[in-house]
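# Descriptive structure summary
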Amino acid sequence: MSVIESASAPLPTRAAVPSLAARAASVGGSPVRDILAVTSRPEVINFAGGLPAPELFDREGIAAAFRDVLDETPAQALQYSTTEGEPSLRSGLAARMSARGLATDADDLLITTGSQQGLSLLATALLDPGDTVLVEDPCYLAALQAFGLAGARIVAVPGDADGVDVRALEELVARERPKLLYTVPTFQNPTGRTLPAERRAAVAEVAARCGLWIVEDDPYGELRYEGERVPWIASYPGAEDRTVLLGSFSKVMAPGLRLGWLRAPAAPRRACAVAKQAADLHTPTVNQLAAARYLTGLDAHVARVRDVYRERRDAMLAGLAEALPEGSTWNRPEGGMFLWARLPESYDTTALLPGVVRHDVAYVPGAPFYAGEPDRATLRLCFVTQTPEEIREGLRRLADGLGQA
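Residues numbered from 1 in each chain as written. Predicted model: local features only at pLDDT ≥ 70, side-chain atom pairs only at ≥ 80, totals over all residues. Heavy atoms only, no water.

## Looking at the overall build of the chain
Along the backbone of the chain there are 14 helices and 15 strands. Computed over C-alpha atoms, the radius of gyration of the chain comes to 23 Å, within 12% of the 22 Å expected from 2.2 N^0.38 for 405 residues, which places it in the range of a compact globule. Overall, the C-alpha framework of the chain stretches about 80 × 65 × 55 Å when taken along its three principal axes. Each of the 405 residues in the chain was classed as buried or not, and the buried ones make up 53%. Looking at the chain as shown, the accessible area adds up to about 18,100 Å², and 54% of this sits on carbon and sulfur atoms. Distance between charge centres in the chain, computed from 41 positive and 51 negative side chains, equals 2 Å. (Helix = DSSP H or I, 4+ residues; strand = E, 2+ residues; numbered from the N terminus. Rg over C-alpha atoms; globule rule 2.2 N^0.38 Å. Buried < 20%, exposed > 50% of the residue type's maximum accessible area, 1.4 Å probe, protein only. Areas by Shrake-Rupley, 256 points an atom, 1.4 Å probe, with all protein chains shown as cover. Lys, Arg positive; Asp, Glu negative; His and termini not counted. Charge placed at Lys NZ, Arg CZ, Asp CG, Glu CD.)

Written out as structure tokens, the structure is:
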């Protein structure tokens, strides 16, 4: 048979490839990422992202930490590490947490590739398909994704401006028999609210009495601009043996380092370490060692960041009355990165967003943050990424965009 004849012969039948896993097909992407893709034009003032201000990254300090590590211990820095994390970083973190009122040993900690990995590891370690997870309403989006991919049944706990309603939590625990409660009690994403001390104590008591894991996520706790620090739920009586505390350097050092950690009782910590071995073996060694070096100067850097972010929060608060429609309400977060607003009942912030973006400004609609019935009149605004001048201009554009809705 000639080459020409061979080329014209019919191809064999091709079977379709198998389908994706059901969990991959059932859980969508992040609406925030989708919005950021649409609003990536440089002229857009973007209140949608949860991005730290890049001009505040301590480039010189972090670069010096990397240089020192690579100059002094290059073989260690560029080599494989243990799954649990570099001892120097774990020891430094344990000392910081102990100084803040939560006695912690280095062996209590597992270093993760961002705190988001911590959520994924916990979903693997604690949840079987069909298990029930309780979350705040509204809730951090990526947590909903992580639990959804694990096949969990997600149930929202009602709350108010201060956070979860403890009586409602107790009723749901009795009725739903959940495995865990996930909460961001300090400067929550998306609302910016902070759970008061007495409710934290009550949550710990419910978990102890009813049998419940608590996953306490704290990526924003060091970004406090006013008021007194509230202790971690993990430090309250009853929570000691059933709380996993997640932390991150993304908001106070740099998100590109992808460094987080979890503090957990021995059984879930060991299970998470096994899950991490299967995921990435360990978090990059050089990043861990550089972060351990940088810990000595971290408090001074965070103090500078707090001063700038406080000014930006105040600039947004000062302009909201003119930017939002009459009858709107919003909170005054004591820290963190986000402010939560609610427009009058007739407004749907998801439907309004395309028109607002045409005015070169963006926010995140509130609806995707709800595990249950969404409040479509809500929206999230990030106030840390832009300067006060840019915030004022962005709010002027927002007023124009909403005024033409």
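## Describing helix α6 (residues 87-99)
Over its 13 residues, α6 runs 18 Å from end to end, which matches the ideal 18 Å to within 8%, given 1.5 Å per residue. Of all the residues in α6, the buried ones are Leu89, Arg90, Gly92, Leu93, Ala94, Arg96 and Met97. Backbone geometry just after α6 places Gly101 at a positive phi near 100°. (Expected span 1.5 Å × (residues − 1).)

## Focus on the sheet that holds strand β8 (residues 213-217)
The strand order β2-β10-β9-β8-β7-β3-β4 describes an open sheet built from 7 strands, whose pairing is mixed. Bordering the open sheet on either side are β2 (109-112) and β4 (153-157), each of which pairs with just one other strand. Between one strand axis and the next, the sheet turns through 20° on average, direction left out of account. Taken together, the 4 bridges between β2 and strand β10 (residues 260-263) define a ladder with antiparallel strand orientation. In the strand pairing of β10, Leu110 is matched with Leu262. (Pairing = 2+ DSSP bridges. Axes fitted to C-alpha atoms, helices over the stretch in contact; angles between N-to-C directions.)

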